[in-house]
Amino acid sequence: MTSPAPALPLAGVTVLDVSRMLPGAVLARSLVDLGARVIKIEDPRSGDLMRLAPPLVGGIGVGFCVYYRGTESVGLDLRDPDGAAALRLLAGRADVLIESFRPGTMERYGLATAALRADNPRLVVCSLPGFLGNAEVGHDLNFTGLTGFLREVTPQGIPALQIADVTSGLLASTAILAALLQRHRSGEGCELRQPLLAGPLPFVTWAASEVAAGGGGMASTMLGGAIAAYRCYRCGDGLELAVGCLEPKFWIAFATLVGRPELAGSGLDPSPDGAATVAAMQAWLASEPRAHWLAKVAGHALPVWPVHTLAEAANEPTLAPLREATPMPDGSTLAAAGPSLPGLGRTPMTPAPALGAHTAAVLAEFGAPAELIARLIET
């Protein structure tokens with residue numbers, strides 16, 4: 001007899017997601033993957049803007065589909081007294097509320113954290129402001145630029161990935177999990193603020209501390225492309241090879257296997273002699289296609305791997321255990337990364353919801369008066 005699957009860590013936890021765009025979406029997905037019930041609160045006219053971002057699948061933006069599979073959608077206009085009243089009712093029985101409005105907005109709607117927590121002291125409220133301590137505005141590009149991340153990663157360009165948004169959502173997820181643990185001990189919820197400006201900071205902490213101490217550390221030398229053993233090389237077909245042979249034994253083995261044993265002693269040298277090793281290895285690897293070099297090192301357990309495009313990464317065998325068949329609104333599935341925490345989480349079997357699909361059912365479940373539900377549905 002097959003044993004039933006164990007309950008997920010956040011089973012029984014109800015989350016109200018009043019956020020918009022990517023930071024809140026990353027946070028919501030990490031919680032739903034751990035078993036939380038996530039109810040997405042959206043403007044009943046337009047919904048979250050991620051719904052409109054192409055390409056669309058079943059009429060819904062693919063980004064919204066992969067982040068909000070397994071959730072419910074309730075359409076509420078929080079600027080309207082009925083919408084605000086409905087959210088207060090939901091918050092009275094929820095465990096977590098996520099919001100990403102500019103500071104002061106929830107207060108203008110009559111939804112101040114203090115008031116919500118007065119009604120429900122166990123509520124954990126997590127805000128995702130751009131900055132901490134003021135109402136300035138910004139986007140991912142601004143936050144990565146302000147923290148020094150942008151110039152370290154892309155000296156002349158703009159990354160296509162939203163670093164600050166994603167990391168802020170993950171940091172907020174950690175904060176919420178800690179707050180729920182604290183609530184289990186004390187019986188009290190709390191208020192959390194996770195600014196998007198803090199998103200890039202985990203990436204720059206080590207390098208920035210070296211700069212503050214005078215520079216010259218590992219982040220800018222050994223890990224920053226100044227040595228032959230830790231950098232990317234362009235092969236003869238234009239494809240790149242990521243060589244991460246920081247340990248001397250790895251670099252010696254790599255140099256030997258590719259046919260340049262005379263370079264084995266200078267792979268970790270950041271001096272001009274090391275630069276000559278970089279140039280020599282680059283010229284050598286440019287003489288053959290990448291597949292030739294991968295075949296040379298195959299089976300030797302070396303940290304040498306191809307540098308993929310996103311399209312190529314979709315077919316990378318080592319990533320297969322970290323991908324899921326995401327259910328889509330049109331009945332199809334989409335191969336995407338997930339679940340967020342494969343050791344504990346799971347892929348929900350229901351696709352991202354249509355805008356407001358659960359408004360009446362959720363409000364009735366939470367005890368909203370029939371006349372209030374009728375007014376909200378009509379609008």
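What counts and what doesn't
Residues numbered from 1 in each chain as written. Predicted model: local features only at pLDDT ≥ 70, side-chain atom pairs only at ≥ 80, totals over all residues. Heavy atoms only, no water. Pairing = 2+ DSSP bridges. Helix = DSSP H or I, 4+ residues; strand = E, 2+ residues; numbered from the N terminus. Axes fitted to C-alpha atoms, helices over the stretch in contact; angles between N-to-C directions. 1 Å grid on protein atoms, 1.4 Å probe; cavity = no way out; pocket = protein on both sides within 12 Å on 5 of 7 lines; lining within 4 Å. Points joined across faces, edges and corners; volume = space filled by probe spheres on them. Nonpolar A, V, L, I, M, F, W, Y, C, P; charged D, E, K, R; others polar. Expected span 1.5 Å × (residues − 1). Parallel < 35°, antiparallel > 145°, perpendicular 65-115°, else oblique. Left-handed = near helix turned anticlockwise from the far one by under 90°. Contact = heavy atoms within 4.5 Å. Buried < 20%, exposed > 50% of the residue type's maximum accessible area, 1.4 Å probe, protein only. Patch = residues over 30% accessible without salt bridge, like charges linked within 9 Å, V, L, I, M, F, W, Y side chains within 5 Å. Areas by Shrake-Rupley, 256 points an atom, 1.4 Å probe, with all protein chains shown as cover. Salt bridge = Lys/Arg side-chain N within 4 Å of Asp/Glu carboxyl O. Polar contact = N/O pair within 3.5 Å; in protein donor to acceptor, adjacent residues only side chain to side chain.

Participant: Outline the sheet that holds strand 5 (residues 72-75), listing residues and values.
Facilitator: Taken in spatial order, the 6 strands make up an open sheet running 5-2-1-6-7-8, and their pairing is parallel. The open sheet has two free edges, formed respectively by strand 5 and strand 8 (190-193), since each of these has just one partner strand. The sheet shows a mean angle of 20° between the axes of neighbouring strands, taken without regard to direction. Across 4 bridges, the pairing between strand 2 (residues 37-42) and strand 5 is parallel.

Participant: So what's going on with the layout of surface pockets? Which residues, and what values?
Facilitator: Regions of empty space are outlined by a rolling probe, equal in size to a water molecule, passed over the atoms. A volume near 1300 Å³ is recorded for the largest pocket. Lining the largest pocket are 34 residues; nearest its centre among them are Val66, Tyr67, Leu161, Val166 and Ala337. Per-element accounting of the lining of the largest pocket gives the leading share, 6 residues, to helix 8 (residues 163-186). Of the residues assigned to the lining of the largest pocket, the class counts are 24 nonpolar, 7 polar and 3 charged. Estimated volume of the second largest pocket: approximately 750 Å³. Among the elements of the structure, helix 1 (21-33), strand 2 and helix 6 (140-146) are those that each provide at least two residues to the lining of the second largest pocket. In terms of residue count, the dominant contributor to the lining of the second largest pocket is strand 2 (3 residues). When grouped by side-chain class, the residues that make up the lining of the second largest pocket number 16 nonpolar, 8 polar and 11 charged.

Participant: Explain helix 9 (residues 201-212) to me, using residue names and the numbers behind them.
Facilitator: With 12 residues, helix 9 ought to run about 16 Å at 1.5 Å a step, yet its terminal C-alpha atoms sit only 14 Å apart, falling short of that. Residue glycine 214 follows helix 9 closely and has a positive phi angle near 115°.

Participant: Quick rundown of the packing of helix 10 (residues 248-257) against helix 11 (residues 272-285)? Include the residues and the values.
Facilitator: Between helix 10 and helix 11, whose axes approach to 12 Å, the crossing angle comes to 40°. Regarding the angle of helix 10 to helix 11, the classification is oblique. The hand of the helix 10/helix 11 crossing is left-handed. Contacts between helix 10 and helix 11 involve Trp251, Phe254 and Ala255 on the former and, on the latter, Thr277, Met281 and Leu285.

Participant: Describe the pairing of strand 10 (residues 240-244), and please don't skip the residues or the numbers.
Facilitator: Burial of strand 10 is one-sided: the residues Leu241 and Val243 facing one way are buried, the residues Glu240, Ala242 and Gly244 facing the other way are not. Bridge analysis of strand 9 (residues 230-234) against strand 10 gives 5 bridges, and the strand direction is antiparallel. Pairing of arginine 234 across the sheet is with glutamate 240, part of strand 10. Taking the residues that link successive antiparallel strands as the turn, the strand 9-strand 10 hairpin has 5 residues, and the phi of glycine 238 there is positive, at about 90°.

Participant: Outline a nonpolar patch on the surface, supporting the account with residue identities and numerical values.
Facilitator: A surface patch of nonpolar side chains, about 300 Å² in accessible area, is lined by Met21, Leu49 and Leu52. Along the polypeptide, leucine 52 turns up in the loop between strand 2 and strand 3 (56-57).

Participant: Lay out the side chain of serine 19 with the relevant residues and their values.
Facilitator: Position of serine 19 relative to the elements: it lies in the loop between strand 1 (14-18) and helix 1. Here aspartate 17 takes part through its side chain, which lies 2.5 Å from a polar atom of the side chain of serine 19. With residues near it in sequence (within four places) discarded, serine 19 still touches Gly24, Ala25, Lys40, Asp48, Tyr68, Ile98, Glu99 and Ser100.

Participant: I'd love a proper account of the packing of helix 1 against helix 8, names of residues and values included.
Facilitator: It is at 7 Å that the axes of helix 1 and helix 8 come closest, and there the two elements cross at 45°. The pairing of helix 1 with helix 8 is recorded here as oblique in orientation. The two elements helix 1 and helix 8 cross, and the hand of that crossing is right-handed. Residues Leu22, Pro23, Val26, Leu27, Ser30 and Leu31 of helix 1 lie in contact with helix 8, whose contacting residues are Asp165, Val166, Gly169, Leu170, Ala172, Ser173, Ile176 and Leu177. By residue class, the composition of the contact of helix 1 with helix 8 is 10 nonpolar, 3 polar and 1 charged.

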